[in-house]
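# Breakdown of the fold
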Amino acid sequence: MKNLRIGSASALIVVDVQNCFVDGGTLPVAHGAEVIPVINGLAPLFENIVMTQDWHTEGHSSFASSHQGKKPFDVVSLPYGQQVLWPDHGIQGTPDADLHKDLKLPTAQLIIRKGYRKDIDSYSAFMEADRKTTTGLAAYLRAHQIDTVFIVGLATDFCVAWTALDARAAGLNAYVIEDACRGIDLNGSVQSAWKNMTEKGVKRIQSSEL
Ligand code: VGL
Ligand code: ZN
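Residues numbered from 1 in each chain as written. Chains lettered and ligands numbered in written order. Predicted model: local features only at pLDDT ≥ 70, side-chain atom pairs only at ≥ 80, totals over all residues. Heavy atoms only, no water.

### What about the site of ligand 1?
For ligand 1, the full set of nearby residues is Asp-16, Phe-21, Leu-27, Asp-54, Trp-86, His-89, Tyr-123, Leu-154, Ala-155, Phe-158, Cys-159 and Ile-184. Here a nitrogen atom of ligand 1 sits 3.1 Å away from a polar atom, N or O, in the side chain of His-89. Contacts to ligand 1 include Ala-155, whose backbone N or O atom sits 3.0 Å from an oxygen atom. Within the complex, the protein chains bury 100% of what would otherwise be the 260 Å² of accessible surface of ligand 1. Its residues placed into classes, the shell around ligand 1 shows nine nonpolar, one polar and two charged. (Near = heavy atom within 4 Å. Polar contact = N/O pair within 3.5 Å; in protein donor to acceptor, adjacent residues only side chain to side chain. Areas by Shrake-Rupley, 256 points an atom, 1.4 Å probe, with all protein chains shown as cover. Nonpolar A, V, L, I, M, F, W, Y, C, P; charged D, E, K, R; others polar.)

### What to know about helix H1 (residues 35-42)
Buried within H1 are the following residues: Val-35, Ile-36, Ile-39 and Leu-42. Buried residues of H1 fall within an arc of 130° about the axis and therefore sit on the same side. Residues of H1 that are buried sit in contact with strand E1 (10-15), strand E6 (148-154) and strand E7 (173-182). (Buried < 20%, exposed > 50% of the residue type's maximum accessible area, 1.4 Å probe, protein only. Helix = DSSP H or I, 4+ residues; strand = E, 2+ residues; numbered from the N terminus. Arc of directions from axis to C-beta. Contact = heavy atoms within 4.5 Å.)

### Observations regarding the packing of helix H3 (residues 156-169) against helix H4 (residues 189-199)
At a closest axis distance of 10 Å, the pairing of H3 and H4 adopts a crossing angle of 10°. Of the possible angle classes, the one that applies to H3 and H4 is roughly parallel. Taking contact as the criterion, the partners of Thr-156, Asp-157, Phe-158, Ala-161, Ala-164 and Leu-165 in H3 are, on H4, Ser-189, Val-190, Ala-193, Trp-194, Asn-196 and Met-197. Residues belonging to the contact of H3 with H4 are distributed by class as follows: eight nonpolar, three polar and one charged. (Axes fitted to C-alpha atoms, helices over the stretch in contact; angles between N-to-C directions. Parallel < 35°, antiparallel > 145°, perpendicular 65-115°, else oblique.)

### Points about the coordination of the zinc ion (ligand 2)
Those protein atoms acting as donors to the zinc ion (ligand 2) are Asp-54 (OD), His-56 (NE2) and His-89 (NE2), and they sit at 2.0 to 2.2 Å. One way to put it: the four donor atoms around the zinc ion (ligand 2) meet at angles of 88 to 171°, and that makes the site irregular. Of note, the zinc ion (ligand 2) draws all its donor residues from one chain, in the sequence arrangement D-x1-H-x32-H. With Asp-54 in strand E2 (residues 49-54) and His-89 in the loop between strand E4 (81-84) and strand E5 (110-114), the pair connects residues that are 35 residues apart, well separated along the chain. For His-89, a relative accessible area of 3% gives the class buried. (Donors = N, O, S within 2.8 Å, 3.2 Å for Na, K, Ca; no water. Tetrahedral: all angles 85-135°; square planar, octahedral: opposite > 155°, others 65-115°.)

### Some details on H4
Within H4, the full set of buried residues consists of Ser-189, Ala-193, Trp-194 and Met-197. Buried positions in H4, seen along its axis, are confined to an arc of 140° and lie on one side of it. Relative to its buried face, H4 has exposed residues pointing more than 90 degrees away, namely Gln-191, Lys-195 and Glu-199. Contacts made by the buried residues of H4 are with H3, E7 and strand E8 (203-205). Looking one or two places after H4, you find Gly-201, whose phi comes out positive at around 90°.

### Description of empty space enclosed by the protein
If you walk through the whole model with that rule in mind, you get one cavity of 30 Å³ or more. Here the largest cavity is characterised by a volume of approximately 120 Å³. Taken together, 15 residues form the lining of the largest cavity, with Phe-21, Leu-27, Asp-54, Tyr-123 and Cys-159 sitting closest to its centre. (1 Å grid on protein atoms, 1.4 Å probe; cavity = no way out; pocket = protein on both sides within 12 Å on 5 of 7 lines; lining within 4 Å. Points joined across faces, edges and corners; volume = space filled by probe spheres on them.)

### Some words on the pattern of salt bridges
A complete count under the given rule lists nine salt bridges for this structure. A salt bridge links Lys-114 to Asp-54; its shortest N-O distance comes to 3.0 Å. Here Lys-114, found in strand E5, pairs with Asp-54, found in strand E2; they are 60 residues apart in sequence, far enough to count as distant. Given a relative accessible area of 1%, Lys-114 falls into the buried group. Residues participating in the shared-partner salt-bridge network are Asp-16, Asp-54 and Lys-114. (Salt bridge = Lys/Arg side-chain N within 4 Å of Asp/Glu carboxyl O.)

Now the structure itself:
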């Protein structure tokens, strides 16, 4: 698969490349910052770039600290289903939630903030974890006649995977650029994310193919 065509009907979705998810942040993904030069190098190929930003309230329901006796990476039942609990991270307006300073995407046209409702997490750029509340991204892409998305960023097994699966559910062609992503990997979650994505028709590619 070489020379995939990227035109006005395609968008690059850059997921959560924020201080919280790299070394020195509150929920660092191993080797997370390594995605930055790869993403910067891909950007000039794209007419459309959308970024996402994990943007939690203080005391967010996805934080272990909000649940008595729980610790990060425990799982609890919330009204909308099972929720992995995380260290406090990505709190609105804090430097930890800022987009990484080395990310150079001057042409990005939209930043979708997500996870900003205290009681609902949102890994996906399209749909919050209650699976009902939309971020508006599918409608935005449709309004711009975009039918294909290329997804990069952090983390492969959470926000990238959920975004890719929801892109497929929204009827979009979806590619995940593997070397422009890094995963958290809880109990084999990177491998199962790739399995789920592949089953739903998400295409796994490398940046060298573009
Ligand atoms: C993410 C866990 C919690 C992600 C966000 O960006 O993948 N993971 N919040
Ligand atoms: Zn989060």
